[in-house]
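# Coordinate inspection notes
The lines below spell out each chain.
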Amino acid sequence: MSKNKNLDKFTEQDVIEANKRIYAKTSDLYEDIVFTKDSNKRLNMLIEHAIKILKTKKNNITALDACGGTGQAALLLNDLQCQTDLVDLSSSMVENMKKKCKKNKLKINFVVSEINQFLNQNNKKFDLIVFSSALHHLRYPDEVLKSAVKNLSDGGIIATI
């Protein structure tokens, strides 16, 4: 139970809808606000390290950019030759990413969905699941991480930053 009783009245669906509204308004500016040169460098190092570990076991890596927004992690994963999926609840964020992919002829699969719903309905196993600037937006990040573990292949990695 939270110390602030006013927060307890909000449901998970309330949080999802609030996030959708915010991202619909900020999708064009999101990358410039969130992804600084330093944060991009840290994200790149994290993903490269995870890929290096996974490549010791297999060559074809499947990756999920979970709560991927405009796809910073998905772009890095794609550059590192991963078969990449991106899931985000914001259709406007996903549309921005689709335009980027079309312009640059990139192959990334897209799903517009709340992440826990996607993870609970998904049948595909991922070698790497990346949460970049994402978990703090979720009402129950622990539940999402439990669902993510169920979507990992044997020896798979969850990377979060």
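The present account deals with the structure reproduced in this document. In this text the structure is predicted, and so the values were computed from the model without any measurement.

## So, the sheet that holds strand β5 (residues 152–160)
One open sheet accounts for 5 strands, arranged β3-β2-β1-β4-β5; its pairing is parallel. Unpaired on one side and paired on the other, β3 (108–112) and β5 mark the two borders of the sheet. Looking at each pair of strands side by side, their axes are set apart by 20° on average, direction ignored. Here strand β1 (residues 62–66) pairs with strand β4 (residues 126–131) via 4 bridges, running parallel. Residue pairing for β4: alanine 66 is matched across the bridge by phenylalanine 131. Strands in contact with helix α5 (residues 72–79) are β1, β2 (83–88), β3 and β4; relative to β1, the strand with the most contacts, it is inclined by about 165°. On top of the sheet, helix α6 (residues 91–104) reaches β2 and β3; it is set at about 165° to β3, its chief contact.

## Thoughts on α5
For α5, the buried fraction is high: 7 of the 8 residues fall into the buried class. Along α5, the positions that sit buried rather than exposed are Gln72, Ala73, Ala74, Leu75, Leu76, Leu77 and Asn78.

## Here's the deal with helix α8 (residues 141–150)
All of the buried residues along α8 are Val144, Ser147 and Ala148. Take α8 and look down its axis: the buried residues cluster within an arc of 105°, on one side only. Contacts from the buried residues of α8 go to α7 (115–121), β4 and β5.

## A look at the environment of lysine 107
The topology assignment puts lysine 107 in the loop between α6 and β3. A relative accessible area of 73% means that lysine 107 is categorised as exposed. The spacing of lysine 107 and glutamine 83 is 24 residues in sequence and 8.1 Å in space, taken between C-alpha atoms.

## A few points about the environment of serine 113
Counting through the fold element by element, serine 113 comes out in the loop between β3 and α7. Under the relative-accessibility criterion, serine 113 is labelled buried at 16%. Between the alpha carbons of serine 113 and leucine 89 there is a distance of 4.5 Å; along the sequence they are 24 residues apart.

## Side note on the nonpolar core
If you look at the biggest cluster of nonpolar residues, it comprises 16 residues, and the most contacted ones within it are Leu64, Ile115, Phe118, Leu119, Ile129 and Phe131. Taken together, the elements giving at least two residues each to this core come down to β1, α7, β4 and α8. Not counting residues up to four positions away in its chain, the partners in contact with phenylalanine 131 are Ala66, Cys67, Ile115, Val144, Leu145, Ala148, Ile158, Ala159, Thr160 and Ile161. One finds Ile47, Ile51, Leu54 and Leu77 within the second-largest nonpolar core, a separate group that totals 15 residues.

## As for the pattern of salt bridges
Taken as a whole and judged by the stated rule, the model has 4 salt bridges. Between glutamate 95 and lysine 98 there is a salt bridge, and its shortest N-O distance comes to 3.6 Å. Here lysine 98 and glutamate 95 lie together in helix α6, a separation of 3 residues that amounts to about one turn. Residue lysine 98 is classed as partly exposed on the basis of its relative accessible area, which comes to 35%.

Rules and cut-offs
- Residues numbered from 1 in each chain as written.
- Predicted model: local features only at pLDDT ≥ 70, side-chain atom pairs only at ≥ 80, totals over all residues.
- Heavy atoms only, no water.
- Pairing = 2+ DSSP bridges.
- Helix = DSSP H or I, 4+ residues; strand = E, 2+ residues; numbered from the N terminus.
- Axes fitted to C-alpha atoms, helices over the stretch in contact; angles between N-to-C directions.
- Contact = heavy atoms within 4.5 Å.
- Buried < 20%, exposed > 50% of the residue type's maximum accessible area, 1.4 Å probe, protein only.
- Arc of directions from axis to C-beta.
- Core = buried A, V, L, I, M, F, W, Y, C linked by side-chain atoms within 4.5 Å.
- Salt bridge = Lys/Arg side-chain N within 4 Å of Asp/Glu carboxyl O.

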